[in-house]
Amino acid sequence: MRALVIKTTGKHYLVHTEGGSVLDCAIKGNLRLKDLRTTNPVAVGDYVTVQQQEDGTNWITEIQPRRNYIIRRATNLSKEAHILAANIDQALLLVTLQQPETNTTFIDRFLATAEAYRVPVILLFNKIDLLTEEQLGQLTSLSDIYQQMGYRTLALSLKSSGSLSESSLPALLAHKTTLLAGNSGVGKSTLLNALCGREVTRTGAISDAHHKGMHTTTFSEMYELNDARIIDIPGIKGFGAVDMSPHEISHYFRDIFEAGKHCRYGDCMHIDEPGCAVTQALERGDIAPSRYFSYLSLLEDSNESKYR
Ligand SMILES: Nc1nc2c(ncn2[C@@H]2O[C@H](COP(=O)(O)OP(=O)(O)OP(=O)(O)O)[C@@H](O)[C@H]2O)c(=O)[nH]1
Ligand SMILES: [Mg+2]
Ligand SMILES: [Zn+2]
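What counts as what
Residues numbered from 1 in each chain as written. Chains lettered and ligands numbered in written order. Predicted model: local features only at pLDDT ≥ 70, side-chain atom pairs only at ≥ 80, totals over all residues. Near = placed C-beta within 6 Å. Nonpolar A, V, L, I, M, F, W, Y, C, P; charged D, E, K, R; others polar. Buried ≥ 20, exposed ≤ 12 C-beta atoms within 10 Å, placed from the backbone. Helix = DSSP H or I, 4+ residues; strand = E, 2+ residues; numbered from the N terminus. Pairing = 2+ DSSP bridges. Core = buried A, V, L, I, M, F, W, Y, C linked by C-beta atoms within 7 Å. Contact = placed C-beta atoms within 7 Å. Domains from an automatic or database assignment.

(A) Here's a closer look at the site of ligand 1. The immediate surroundings of ligand 1 are formed by 25 residues, with S189, T190, T203, T217 and G235 found nearest. Per-class residue counts for the shell around ligand 1 are six nonpolar, 15 polar and four charged.

Written out as structure tokens, the structure is:
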């Protein structure tokens, strides 16, 4: 029978069958989609075929082809990749400037990967209650960078009552499957609970010493709300992009791709070539230094991976 994977815990998978029941399954043998080397063969959001055995156990015997997915390498140099979720309509990337501080390279690497797999991303700046006037100014500048490229951005405080319901977020999530992504502690599970109107999952404090999250959520799970499906996943540390050739990378940076159309050479890598429109835009301030830095960091990764 056909079923939707709603939770993965390493060895076990919970699936929601078309008949409406929830089954605990294991994977049969060496099941994986071709050509994809991943630490998890089956991800939340996958449609699978399940066979019930005579002894009552359930096997996942087949994975349906994926419409899309979000994948990352655990570290920049690791060969194995991990699928965060499959068959999603959009990702909501939660970003906080304080407790924890999300770095821009992380944001840009996530956006580039989503771009590569054609997953729309909404940027949600959370915890604005913790910010000083000056930091709120920084948030606006950062948010403008992404808005100008066509990303939708929102800023709110999930801790302040009314902030979520007064925002456009509930409407943006309606009738869609959304992956919640971001570093540990940015408020993914807090958002999920707020959307559900009750505590469906645990949230965790931020460490006093390093102002970082403590990886409270340890398994990926899809929650089926009245009018939306939300996938809550464990916080992501580094975001190593997967399988991008050096020439491809600029295609996944909207701002750099646009500017790059005016470079003198068609194969310009935007490093030190004469007539490079990207470095000119950078000097004029039309491309943010943080974006260019993220581009270079991905380029460096892909050069390194060539020699692995
Ligand atoms: N001040 C403040 N704290 C918040 C806000 N939103 C969430 N928090 C707190 O941040 C902490 C971490 O929230 P979680 O929802 O557990 O974060 P998470 O992203 O699910 O973290 P992991 O499961 O570890 O990946 C909790 O103590 C929340 O109460 C906010 O808007 N303002
Ligand atoms: Mg969580
Ligand atoms: Zn160039």
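(B) A look at the pairing of strand β13 (residues 229-232). The two faces of β13 match: R229 and I231 on one face and I230 and D232 on the other face are all buried. As paired elements, strand β11 (residues 177-181) and β13 share four bridges and run parallel to each other. Considered in β13, the bridge of L179 is made with I231. Inspection of the sheet shows strand β12 (residues 220-224) paired to β13 by four bridges, in the antiparallel sense.

(C) The nonpolar core, seen in detail. By size, the foremost hydrophobic cluster in this structure holds 70 residues, and its most contacted members are A85, A91, L93, L179 and L180. Non-local contacts of A91, meaning those with residues more than four positions away in its chain, are made with I70, A114, V119, V121, T178, L179 and A181.

(D) Summary view of the domain arrangement of the chain. For the chain, the domain assignment lists domain 1 (2-63), domain 2 (69-232) and domain 3 (246-306). Summarising the inter-unit geometry, the C-alpha centres of domain 1 and domain 2 are found 26 Å apart. Residue-level contacts link 13 residues of domain 1 with 15 residues of domain 2. The dominant element in the side of domain 1 that touches domain 2, judged by the number of residues it contributes, is strand β1 (residues 2-8), at three residues.

(E) Looking closely at the environment of E300. Locating E300 in the fold gives a position in helix α8 (residues 289-306). In the structure, E300 is positioned 20 residues away from Q280 in sequence and 21 Å away in space, judged by C-alpha atoms.

(F) The arrangement of unusual backbone geometry in detail. Between Q99 and P100 the backbone carries a cis peptide bond, its omega angle lying at -5°. Following the sequence through the fold, P100 ends up in the loop between β8 (90-95) and α1 (104-116). Phi at N87 is positive, roughly 55°, even though this residue is not glycine. Here N87 shows up in the loop between β7 (81-86) and β8. Within the chain, H270 stands out as a residue other than glycine whose phi angle is a positive 65°. Along the chain, H270 turns up in the loop between α6 (254-260) and α7 (277-284). By the C-beta count within 10 Å, which is 24 here, H270 ends up buried.

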